[in-house]
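Listed here are the chains, written in short residue letters.
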Amino acid sequence: MRIDIITVLPDLLTSWFGESILDRARKKGVVDVQVHDLRTWTLDKHRRVDDYPFGGGAGMVMQVEPIDRAIAALKTERVYDEVIYMSPDGQLLDQPLANHLSTKGNLILLCGHYKGVDERVRQHLVTREVSIGDYVLTGGELAAAVLCDAVIRLLPGVIGDETSALSDSFQDGLVAPPAYTRPAEYKGWQVPDVLLSGHEARIDEWRHAQALERTRQRRPGLLPPEGDGPVG
Ligand code: ADE
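Criteria and cut-off values
Residues numbered from 1 in each chain as written. Predicted model: local features only at pLDDT ≥ 70, side-chain atom pairs only at ≥ 80, totals over all residues. Heavy atoms only, no water. Near = heavy atom within 4 Å. Polar contact = N/O pair within 3.5 Å; in protein donor to acceptor, adjacent residues only side chain to side chain. Areas by Shrake-Rupley, 256 points an atom, 1.4 Å probe, with all protein chains shown as cover. Helix = DSSP H or I, 4+ residues; strand = E, 2+ residues; numbered from the N terminus. Contact = heavy atoms within 4.5 Å. Domains from an automatic or database assignment.

Draft legend 1. Region of interest: the site of the ligand. Close to the ligand lie 13 residues, the nearest being Ser 87, Ile 132, Gly 133, Tyr 135 and Leu 137. A distance of 3.1 Å separates a nitrogen atom of the ligand from a polar backbone atom of Gly 133. Coverage of the ligand by the protein amounts to 97% of the 260 Å² it exposes when considered alone. Listing elements by their share of the shell around the ligand, those giving two or more residues are β5 (82-92) and β7 (128-131).

Draft legend 2. Examining the environment of Ala 211 more closely. Secondary-structure assignment places Ala 211 in helix α8 (residues 200-218). Ignoring anything within four residues of it in the chain, the contact list for Ala 211 reads Leu 174, Val 175 and Pro 177.

Draft legend 3. The domain arrangement of the chain, seen in detail. Assigned domains within the chain: domain 1 (2-152) and domain 2 (170-222). Computed from C-alpha coordinates alone, the two centres of domain 1 and domain 2 are separated by 38 Å.

The following block contains the structure:
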């Protein structure tokens, strides 16, 4: 998989990808993340990428031309499945969307700043807009990093245990069950007996019941409405 990120703060993302687990994925050749400075494509001698909004008002707007030139330059190199604009009013990133994007070959992520991008970017250049939550960040970079993390860790070989991405919270529509490790008793705090029993079927059953109960308590919105039949 290849991900190209267009940003006015390339250093922020380069250091993030250089340090995280995603670096391992890059070294293994599972993913190639390239970070591009939007200013490379400005024709303005001061390398400006934003301007005042038509009609007045506070804040600057990112101009369409450098963004168009950046995307066009990338598209001369390869075909992209999606051009994604990170925006607080986009589609909320959730596990199904991360799963879907992890099946793609080439993605462009565009990070906004200031008051956002000229609307013509959204109308003509972007195929999808994604938000990481209902709050406003100073720019799309952290959101792009979050999206990359959620997507790349799903690629085969990125996290050690192949099955563990599948048993994540949300993968089966439930939050994850409790996990314990040694010691079996600490300050009198006991690990549930069933996990020490070695009885695989009973352990699976217990984990499913716990996941269901936790989901009911913490994230009832994930469960189908009452009367739609049992989960799992
Ligand atoms: N840019 C600013 N806030 C954002 C958010 N919540 N999600 C995605 N991109 C953003």
